[in-house]
Amino acid sequence: MQNKSNIKISVSNLGIHQQYCPALPKDGLELASPAHRMSAVMINQVLTSLIFIPLYIQMCLSIPDNADYDTDNATDLHQYPSLDFVSWISQPATKFIIGLTFIVLIVYTLWQVYWMSKYGQSIGKRILKIWVIRTNGENPRFARNVILRELIYQILVIVFSLITLGIGYFVFMLVPAMVFIKKWNRRTFQDFMAGTIVVSTKNTVKDKRIRITLPK
């Protein structure tokens, strides 16, 4: 039986314009749909948000009970009960939850980086069975999939937004819409930076897709 970790994926043009993508794997692979790509991002965002829910709950429970507060006689918004940050951060339960949240966030981040480096997949992409490959069919690995597509891109968003006093942020919000441009092989700005495309597997080989480690 062939070792799946050594599977080599042959490539061909498949009628795609070579200016944008010189090679797409032909063995049951196709461009990932916009719905799958955007859903993968949403899954990752939801998972990240879930990590902070215990901390949010602890914060809400620490706000003073205002059941007996006379809101009819309130003349200043500062008179409403509010969370004393110093007291809250000093609570043993708060320290425990902050520590636990930090540990889970580190584990989650390392998990994402490992899968993105080895398989070209974030957790969201792996759930939806799509992944990132280079335009020549190879695995983009850590340098392209993590550093270029994620870290450098986020730095550019922050720097450009600061330079343009926030206007640049709204420009980058349009980047996801590039997945609908099929003549660009649904490549976003991140894909052009890293020389990548996002692909999925047809039903005929769907069981193999998430186990393949592309060659170096």
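Remember, it's a predicted structure, so these values are computed and weren't measured experimentally.

1. Quick notes on the packing of aromatic side chains
One pass over the full model with this rule turns up seven aromatic pairs. Centre to centre, the rings of tryptophan 184 and phenylalanine 192 are 6.0 Å apart; their planes meet at 85°, and the pair counts as edge-to-face. The ring centre of tyrosine 119 lies 4.3 Å from the NZ or CZ of arginine 126, which sits over that ring. Directly above the ring of phenylalanine 192 sits arginine 187, whose terminal nitrogen or CZ lies 4.4 Å from the centroid.

2. A word on unusual backbone geometry
Phi at arginine 141 takes a positive value of approximately 55°, unusual for a residue other than glycine. In this fold, arginine 141 is placed in helix α6 (residues 141-163). On the basis of relative accessible area, arginine 141 is assigned to the partly exposed category, the value being 25%. One non-glycine residue, asparagine 185, adopts positive backbone phi at about 55°. If you trace the backbone, asparagine 185 turns up in the loop between α7 (167-172) and α8 (189-194).

3. Quick notes on the environment of glutamine 190
Tracing the backbone through its elements, the reader meets glutamine 190 in helix α8. Residue class for glutamine 190 comes out buried when judged on its relative accessible area of 14%. In this structure the C-alpha to C-alpha distance between glutamine 190 and asparagine 145, which are 45 residues apart in sequence, comes to 9.2 Å. Excluding residues within four positions of it along the chain, glutamine 190 makes contact with Arg149, Glu150, Tyr153 and Thr196.

4. Here's the deal with the confidence of the model for the chain
One rule of thumb: low pLDDT means the predicted coordinates there are not for detailed reading. Of the residues in the chain, 70% reach a pLDDT of 70 or more, and the chain-wide mean stands at 76. Ranking the elements of the chain by mean pLDDT puts strand β1 (residues 11-12) last, at 35, and helix α1 (residues 34-51) first, at 95. For the stretch residues 1-23, pLDDT sits under 50, and the model shows 45 contacts to residues farther than four places along the chain or on other chains. pLDDT under 50 marks residues 203-216. Its contacts with residues more than four places away, or in other chains, come to 38 contacts.

5. Details of helix α2 (residues 53-62)
By the burial criterion, the buried members of α2 are Leu55, Gln58 and Ser62. Along α2, the residues classed as buried sweep out an arc of 60° about the axis, all on the same side. Opposite the buried face of α2, by more than 90 degrees, sit the exposed residues Tyr56 and Leu61. The secondary structure elements touched by the buried residues of α2 are α3 (85-90) and α4 (92-118).

6. Section: the side chain of threonine 101
When you line up the elements, threonine 101 lands in helix α4. Residue class for threonine 101 comes out buried when judged on its relative accessible area of 8%. Setting aside residues no more than four positions away along its own chain, threonine 101 makes contact with Ile51, Phe52 and Leu55.

7. A few points about the packing of α1 against α4
How two helices pack is summed up by the angle between their axes together with the distance between the axes. At a minimum axis separation of 9 Å, α1 and α4 run at an interaxial angle of 160°. On the basis of their axis angle, the class for α1 and α4 is roughly antiparallel. Contact with α1, carried on its side by Asn44, Leu47, Thr48 and Ile51, involves Thr101, Val104, Leu105, Tyr108 and Gln112 of α4 and no other residues of that element. Split by residue class, the contact of α1 with α4 holds five nonpolar, four polar and no charged.

Calculation rules
Residues numbered from 1 in each chain as written. Predicted model: local features only at pLDDT ≥ 70, side-chain atom pairs only at ≥ 80, totals over all residues. Heavy atoms only, no water. Phe/Tyr/Trp six-rings, centres within 6.5 Å; stacked < 30°, edge-to-face > 60°. Lys NZ or Arg CZ within 6 Å of the ring centre and 35° of its normal. Helix = DSSP H or I, 4+ residues; strand = E, 2+ residues; numbered from the N terminus. Buried < 20%, exposed > 50% of the residue type's maximum accessible area, 1.4 Å probe, protein only. Contact = heavy atoms within 4.5 Å. pLDDT = per-residue confidence, 0-100. Arc of directions from axis to C-beta. Axes fitted to C-alpha atoms, helices over the stretch in contact; angles between N-to-C directions. Parallel < 35°, antiparallel > 145°, perpendicular 65-115°, else oblique. Nonpolar A, V, L, I, M, F, W, Y, C, P; charged D, E, K, R; others polar.

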